[in-house]
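Next come the chains, spelled out residue by residue.
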Amino acid sequence: MAEEAFVSEGRPVDLQWGQICNQLKMEFGETAFDSWLKPLTVGDFKDGVMNICAPTAFMKNWVVTHYSDRINKIWEQQNPDIKKINFIVQTGFSDRRSVDTSLLKKISSSPTPQNIYGCNINSSSFGLVAGASLANDTSNSNSNITNGTPLNPNYTFENFVVGKTNEFAYAAARKVAESKNVSFNPLFLYSSVGLGKTHLMHSIIWHIKKNDPTRNVIYLTAEQFVYKFVKALRYKDTAAFKEQFRSVDVLMVDDFQFMGNKGTTQEEFFHTFSSLVEEGKQVIISADKSPTDLDGIEERLKSRLVGGLVVDIMPTNFDLRMGILQKKAELMGIELPQKVAEFLAQKITSNVRELEGSLKRVAAHSQLLSGKEITLDMTQDVLKDMLRSIDRKTTIDEIQKKVAEHFNISVKELQSSRRARTVARPRQIAMYLAKQLTSRSLPEIGRKFDRDHTTVMHAVRKVEELIIEDQSLAENIEILRRTLEN
Ligand code: ADP
Ligand code: MG
């Protein structure tokens, strides 16, 4: 793209920023530059203080942690008048280059940001990681265990409904939570999404916290582990990192699939893991696949992972879904008629998260209508979009086709390696919609775009953020979603 050259007109600082951008791009590479630095803009410059604006808090934190030192340095050399650089969030940005606003049709009920954001609480843990640091992890007892990820108070053994498909995983989790002596190491739990892995992991922690609070537990996602390790490397603080991880009694790593293809980090994990196992400390891991099927994991690590107990949680059956609905209704304090429960348990079979989501929608609807009784008619009406899409089963091919059409590019371009924003943004939107509207995993979606799962993950997060910041983009996505669901 010719527009990649950052030459701007106006104030001298704008011109300097253009030059700094070119330098940053060379130093950090195009991908990092496009993701984190390109969206920054130069704000006020007064009394030697310069404001650099980022479109979101997440992005600002990331830039401060990773790039601010370098930006300060370069600018210092360029312009001695600049005494201080402030990184600030400037909301209300809209990325007009990426969205053709003439395509905008006003839609009557565009979802609130909270709505969209709220759908995806589990996958937003990255934001928490970015804000966390080794130093502030010990600020309170909860974050000491979870490294900043809040423990869900409802994810307890008592609230976990046991059925044929998950009884073994449940028994194994209880066993590790209850016994001081390690009987299998590691415990490796796997299943596709929304079947209760994180719920069981949190249950173990709650149990230990209650019954044996002196045990030192660390729970984090593989992404958090990677982030912390990379940060420790950057700040030459690996000794503290090793110390922190090797002094625990129980190490729990959730979503281990995201440890894939991470050379040095994986090696560090391997050593941490081996030293803990040798010392008889418990390691518990969850992932979306069995150790042998994990992509990008070294053979020697795989073979250590299968050395303990590997347990899978299978897709739910009707009875379990009924049990779960009853339990969740009880926790939510709502009256759920048997007929409605049966209907939901028959229709929503993909995973428990979706089942719970549909129950919440119905409950919220009844509460909005001042406690109106939940009926089968009302349920069918409230969930009609969802049920229709389940009946139709949207495919990734269809999503690619519609998104390409909408943005007036070809499907080939969407799948290509071109990074121009006019292609890259629609590609991210297509990935986001594929994650939202299909039950495909991140690696599966990635393959359809000739990318790996981390790119898809990044795209999903990016779009989640943009939806909050950029009304017109949110509306474009909503139009696409409706077209695809109809
Ligand atoms: P995963 O980590 O496997 O993707 P989660 O543990 O996040 O799945 O579960 C998704 C949702 O489904 C959570 O709200 C969880 O409480 C619920 N859930 C899953 N399995 C059960 C179960 N057997 N009993 C009660 N709730 C469950
Ligand atoms: Mg999970």
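Nothing here was measured: the structure is a model prediction, and the numbers come from that model.

Visitor: Please set out the overall build of the protein residue by residue, giving values where relevant.
Guide: Looking only at helices and strands, the protein features 24 helices and eight strands. When the 486 residues of the protein are sorted by exposure, 52% land in the buried category. In the protein, 74% of the contacts between residues at least 6 apart in sequence involve partners at least 24 apart.

Visitor: Account for the pattern of salt bridges, with residues named and values stated.
Guide: Between side chains of opposite charge, a pair can form when the charged atoms approach closely. Within the structure shown, the criterion is met by 16 salt bridges. Lys242 is the partner of Glu268 in a salt bridge, and the nearest nitrogen-oxygen pair spans 2.8 Å. Taken as a pair, Glu268 in helix 12 (residues 263-278) and Lys242 in helix 11 (residues 238-246) lie far apart in primary sequence, 26 residues in all. Of the residues examined, Lys242 reaches a relative accessible area of 31% and is grouped as partly exposed. Residue Lys302 pairs with Glu299 through a salt bridge whose shortest N-O separation is 3.8 Å. Taken together, the residues span about one helical turn, with Lys302 and Glu299 both in helix 13 (residues 299-305) at a distance of three residues. Residues participating in the shared-partner salt-bridge network are Lys242, Arg246 and Glu268.

Visitor: With reference to specific residues and values, describe the sheet that holds strand 7 (residues 282-287).
Guide: Read across the sheet, five strands follow the order 5-6-7-4-8 without closing on themselves; strand pairing throughout is parallel. Looking at strand neighbours, the two that pair on one side only are strand 5 (217-221) and strand 8 (309-312), the edges of this open sheet. Ignoring which end each strand starts from, the neighbouring axes of this sheet average 15° apart. By the bridge criterion, four bridges tie strand 4 (residues 187-190) to strand 8 in an arrangement that is parallel. Within the sheet, the bridge partner assigned to Leu187 lies in strand 8 and is Leu309. The sheet strands contacting helix 9 (residues 197-211) are strand 4, strand 5, strand 6 (250-254) and strand 7, and the helix crosses strand 6 at an angle near 160°.

Visitor: A description of the nonpolar core should follow, citing residues and the corresponding values.
Guide: Note that soluble globular proteins tend to have their nonpolar side chains buried in a common cluster. If you look at the biggest cluster of nonpolar residues, it comprises 57 residues, and the most contacted ones within it are Leu251, Phe256, Phe269 and Leu433. If you tally residues by element for this core, the top one is helix 21 (residues 421-437), at eight residues. Discounting residues that sit within four places of it in the chain, Phe269 has contacts with Phe225, Leu251, Val253, Phe256, Met259, Ile285 and Leu301. One finds Leu189, Leu325, Ile348 and Leu355 within the second-largest nonpolar core, a separate group that totals 50 residues.

Visitor: Go over the sheet that holds strand 2 (residues 49-54), please, and point to the residues and values.
Guide: In spatial order, the strands read 1-2-3; together these three strands make up an open sheet with mixed pairing. Edge strands, defined here as strands with exactly one partner in the open sheet, are strand 1 (41-46) and strand 3 (84-89). Each neighbouring strand pair of the sheet contributes to a mean axis angle of 25°, computed without reference to strand direction. Pairing between strand 2 and strand 3: six bridges, direction parallel. For Met50, the partnering residue across the bridge sits in strand 3 and is Ile85. Across the sheet, helix 1 (residues 12-28) lies against strand 1 and strand 2, angled at about 140° from strand 1, the strand it touches most. Packed on one face of the sheet, helix 4 (residues 68-78) meets strand 1, strand 2 and strand 3 and runs near 135° to strand 3.

Visitor: I'd like to hear about the packing of aromatic side chains, residue by residue, with values.
Guide: A full pass over the atoms with the stated rule returns 11 aromatic pairs. Between Phe256 and Phe269, the ring centres sit 5.1 Å apart and the planes meet at 55°, which makes this aromatic pair tilted. Placement of the pair is Phe256 in the loop between strand 6 and helix 12 and Phe269 in helix 12, with a sequence separation of 13 residues. The two residues Phe256 and Phe269 agree in class, both being buried. Ring pairing ties together the aromatic residues Phe225, Phe229, Phe241, Phe245, Phe256, Phe269 and Phe273, which thus form one cluster. Here the basic side chain of Arg300 rests over the ring of Phe270, its NZ or CZ set 4.0 Å away from the ring centre.

Visitor: Report on the packing of helix 8 (residues 167-178) against helix 9, specifying residues and quantitative values.
Guide: Running from N to C, helix 8 and helix 9 cross one another at 25°; their axes reach a closest spacing of 9 Å. In terms of axis orientation, helix 8 runs roughly parallel to helix 9. The way helix 8 lies across helix 9 gives a crossing that is right-handed. Across the interface between the two elements, Ala169, Tyr170, Ala173, Arg174, Val176, Ala177 and Glu178 from helix 8 touch Leu200, Ile204, His207 and Ile208 from helix 9. Taken together, the residues that form the contact of helix 8 with helix 9 break down as eight nonpolar, one polar and two charged.

Visitor: Outline helix 14 (residues 318-332), listing residues and values.
Guide: Compared with an ideal rise of 1.5 Å per residue, which puts 15 residues at 21 Å, helix 14 spans 21 Å between its outermost C-alpha atoms and is within 8% of the ideal. Burial in helix 14 covers these residues: Leu320, Arg321, Met322, Gly323, Ile324, Leu325, Lys327, Lys328 and Ala329. Residues of helix 14 that are buried in the fold lie against helix 9, helix 15 (338-347) and helix 16 (352-368). Once helix 14 finishes, Gly333 follows within two positions and takes phi at roughly 65°, a positive value.

Visitor: Describe unusual backbone geometry, naming the residues involved and giving the relevant values.
Guide: Residue Pro186 follows Asn185 across a cis peptide bond; omega there is 0°. Inspection of the secondary structure puts Pro186 in the loop between helix 8 and strand 4. Even without being glycine, Asn408 reaches a positive phi, approximately 60°. With respect to the helices and strands, the residue Asn408 is situated in the loop between helix 19 (396-406) and helix 20 (411-415). Given the relative accessible area of 70%, Asn408 is considered exposed. Phi at Asp450 is positive, roughly 60°, even though this residue is not glycine. Assignment of secondary structure puts Asp450 in the loop between helix 22 (442-448) and helix 23 (453-469).

The rules behind these values
- Residues numbered from 1 in each chain as written.
- Chains lettered and ligands numbered in written order.
- Predicted model: local features only at pLDDT ≥ 70, side-chain atom pairs only at ≥ 80, totals over all residues.
- Heavy atoms only, no water.
- Helix = DSSP H or I, 4+ residues; strand = E, 2+ residues; numbered from the N terminus.
- Buried < 20%, exposed > 50% of the residue type's maximum accessible area, 1.4 Å probe, protein only.
- Contact = heavy atoms within 4.5 Å.
- Salt bridge = Lys/Arg side-chain N within 4 Å of Asp/Glu carboxyl O.
- Pairing = 2+ DSSP bridges.
- Axes fitted to C-alpha atoms, helices over the stretch in contact; angles between N-to-C directions.
- Core = buried A, V, L, I, M, F, W, Y, C linked by side-chain atoms within 4.5 Å.
- Phe/Tyr/Trp six-rings, centres within 6.5 Å; stacked < 30°, edge-to-face > 60°.
- Lys NZ or Arg CZ within 6 Å of the ring centre and 35° of its normal.
- Parallel < 35°, antiparallel > 145°, perpendicular 65-115°, else oblique.
- Left-handed = near helix turned anticlockwise from the far one by under 90°.
- Nonpolar A, V, L, I, M, F, W, Y, C, P; charged D, E, K, R; others polar.
- Expected span 1.5 Å × (residues − 1).

So far we have only geometry, and geometry alone does not tell us how the molecule works.
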